[in-house]
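Examination of the molecular architecture
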Amino acid sequence: MANSQVIVEHIFLLVMVTLFSVLQNAFFAVKLEREGKSGCATSFDRVSCAVRNCMDAYPTFLAVMWCAGLCVSQAPAAFAGVLYLIVRQKYFVGYMGQTSQSTPGFVFGKRPIFFLILMCMVGILNYLLAYFFGRCYKAQLKTVTGLTASLLLIP
Amino acid sequence: MANSQVIVEHIFLLVMVTLFSVLQNAFFAVKLEREGKSGCATSFDRVSCAVRNCMDAYPTFLAVMWCAGLCVSQAPAAFAGVLYLIVRQKYFVGYMGQTSQSTPGFVFGKRPIFFLILMCMVGILNYLLAYFFGRCYKAQLKTVTGLTASLLLIP
Amino acid sequence: MANSQVIVEHIFLLVMVTLFSVLQNAFFAVKLEREGKSGCATSFDRVSCAVRNCMDAYPTFLAVMWCAGLCVSQAPAAFAGVLYLIVRQKYFVGYMGQTSQSTPGFVFGKRPIFFLILMCMVGILNYLLAYFFGRCYKAQLKTVTGLTASLLLIP
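Read on for a plain summary of the structure. Quick caveat, the model's predicted, so the values are computed rather than measured. Sequence order as written defines the numbering, with residues in each chain counted from 1. Chains and ligands are labelled sequentially in the order written, the chains with letters from A and the ligands with numbers from 1. In keeping with the model being predicted, local features are shown solely for residues with a pLDDT of at least 70 and side-chain atom pairs are shown and tallied solely at 80 or more, while totals for entire chains, interfaces and linings include all residues. Hydrogens and water are ignored here; the side-chain numbers use all heavy atoms of the structure.

1. Points about the interface of chain B and chain C
Basically, it comes down to this: Whether two residues are in contact is decided by their heavy atoms, any of which lying within 4.5 Å being enough. Salt bridge criterion: a side-chain nitrogen from Lys or Arg within 4 Å of a carboxyl oxygen from Asp or Glu. Identification of polar contacts relies on pairs of N or O atoms within 3.5 Å, with a donor-acceptor requirement for protein atoms, meaning one able to donate a hydrogen and the other able to accept it, and with residues adjacent in sequence counted only if both atoms are side-chain atoms. Secondary structure elements follow DSSP: runs of H or I of four or more residues count as helices, runs of E of two or more count as strands, with numbering from the N terminus. Residues are sorted three ways: Asp, Glu, Lys and Arg are charged, Ala, Val, Leu, Ile, Met, Phe, Trp, Tyr, Cys and Pro are nonpolar, and all the rest, Gly among them, are polar.
Contacts between chain B and chain C engage 24 residues on the former and 23 residues on the latter. In this structure, R52(B) and D56(C) form a salt bridge, with 3.0 Å as the shortest nitrogen-oxygen distance. Between chain B and chain C we count two residue pairs in polar contact (both at pLDDT 80 or more) in total. When contributions to the side of chain B that touches chain C are tallied by element, the ones reaching two or more residues are helix 1 (2-38) and helix 2 (41-71) of chain B. The leading source of residues in the side of chain B that touches chain C is helix 1 of chain B, at 17 residues. Considered class by class, the residues forming the side of chain B that touches chain C number 16 nonpolar, five polar and three charged.

2. Re the relation of the copies chain B and chain A
For clarity, the cut-off: For this overlay, a least-squares fit was computed on C-alpha atoms, restricted to residues scoring pLDDT of at least 70 in both copies.
Between chain B and chain A, which share one sequence, the superposing operator has a rotation angle of 120 degrees and an axial displacement of 0.0 Å; the RMSD is 0.0 Å. Both chain copies can therefore be described as sitting about a three-fold axis. Judged by C-alpha distance, P59(B) is the residue of chain B that lies nearest the rotation axis, at 3.6 Å. Little of the interface of chain B is mirrored in chain A, where only 9% of its interface residues again form contacts.

3. Thoughts on the relation of the copies chain B and chain C
Applying a rotation about an axis and a shift along it to one chain copy brings it onto the other copy. Between chain B and chain C, the superposition needs a rotation of 120 degrees and an axial shift of 0.0 Å, giving an RMSD of 0.0 Å. Taken as a fraction of all interface residues of chain B, those also at the interface in chain C reach only 8%, which identifies the copy contact as different-surface.

4. Some remarks on empty space enclosed by the protein
For clarity, the threshold we go by: Think of a 1 Å grid over the protein atoms and nothing else: a 1.4 Å probe that fits but is trapped marks a cavity, an open set flanked by protein within 12 Å on at least five of seven lines marks a pocket, and residues with an atom within 4 Å of a point count as lining. Grid points are joined across faces, edges and corners, and a volume is the space filled by probe spheres set on the points.
For the coordinates displayed, the defined rule picks out three cavities of 30 Å³ or more. Along the walls of the largest cavity sit R52(A), M55(A), D56(A), P59(A), R52(B), M55(B), D56(B), P59(B), R52(C), M55(C), D56(C) and P59(C), which together make up its complete lining. Counting residues per element, the ones that place at least two in the lining of the largest cavity are helix 2 (41-71) of chain A, helix 2 of chain B together with helix 2 (41-71) of chain C. Split into classes, the residues belonging to the lining of the largest cavity amount to six nonpolar, no polar and six charged.

Structural data, given as C-alpha cells:
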C-alpha cells in the first residue's frame, strides 16, 4: 500500500488534468448530442467538425503530457496541460459560435504541445547523460522547466 | 526484476482489459473491411459511423480506466472496463443490424465511464487528505469501490 | 529522486518511440494543413482520409505498445513500435501520391500490432504462472521476445 501511495504521489497532478480533459470531452459530446436533436444540419456539421478536430488531437496530447510528466516532473507538465485545455475550450466555443471569431485552423494549442515535446526530449537526454556519464541534472531540470512553463502564459 | 514484477502486479488486470479492448477494435476493423469489400454503400456508411463513434470515445475510456486503476484499485476499474466493452459490443452489433433495434445515440456506456470518473475523483481526494491531514482511507476505499462496482450490474 | 530514475529506466525507450509517433502526427497535421490551403478539394479529401485512418488506429497502437513494454520488456516493444511507425509513414506517403501505389486498406501494420498483442498475452500468462505456481520465466521471456522481434524485419 505504501508503494502504491508513492506511485500516486508522482502522478496525481497528471491524473487531475486527465480528469478535467475527460470532463471536457463529455461536455463536447453533450453539446454535439443537443445539436443533433435540434435538427439544424449546418450547425450540427459545424459542431461535429469541431469535436472531431479536438478528438483527433486528444491521444497525442495525453501521450505527450504523461511522458513529459513521468520523465521530468509533473507540475510543469500538468500546467501546460491545463493551458492546452483552456485553448481547446476557446477553440471549441469559437467554432460553435456563428460569428466571425470562429477559428478555421486544424491544429490549435501548438505552444503547450511543443513545450511538452521539448520536456520529453530534455528528460530523455538527461537520463542518457546520467546513464553514460554519471551526471544527473534532474534537480536543475525541474527548476528550469518550472520557470519555463510560466513563459507559456505570455500571449 | 523483482521491481518490475511489483509493477505488473498492480496493473495486470488493467492490461488484460486493454488487451480485450484492442481485440475488439481489431474485430471492428475487420467488420468494416469486409463491408467495404461487399460494395454496399449504405451498409458501409452505417458500419463506418458505428466504428467512428466507438473510436472517438476510446482514448477517453482508456485514460479514465487507467487513472482509476492506478489511483484507487485495479479490480473495480477493470470490472467497469469489462462492462463498458460489453455495452460497446452490444451498441456495435445493434448499429450493424438493419432492424429497428439500432441505437442512434452518440454516447454509450455512460454509467461505467461515470463510475470510473468518480473513482478517480475519490482517489485524488483521498491522496490529498492523506497528504494534508495524514489520514489515509485507502483500505476502506478499496472495499467501498469494490462493492459499488457490483451495483453497475443492475440494468 | 532515485525512485523516479528507476521508473525512467524502465520506460525511456517507450517514451522515445511515443515521441517519434507524436512528431509523425505533427508532420501529418502540417501536410493536411498545407493541402487545405492549396484549395484542391480531391487531394485534400485524399490526405484527410489518410490522416483519419492513421489517427483511428493511433490509440490502439499506443495502448498495446505500452502494455507490452511494461509487462515484458521495453526493447522489443519499442522495436516493434518503430517498425509500425515506418509502415505508417510508407502508408501515408503512398496514400498521398496519386500514382497507383496508394494502398486502400483500412488497417496497416498488422504484423507489429499482432506481435505486441502476443507479447502482452505472454507477459500476463507469465505473471499468472509466477503467481499461482511460483515459476517465473521472465529472463527467458526477455531473450525469446528479443529474438522474435528481429523476425519482424522479414518482409
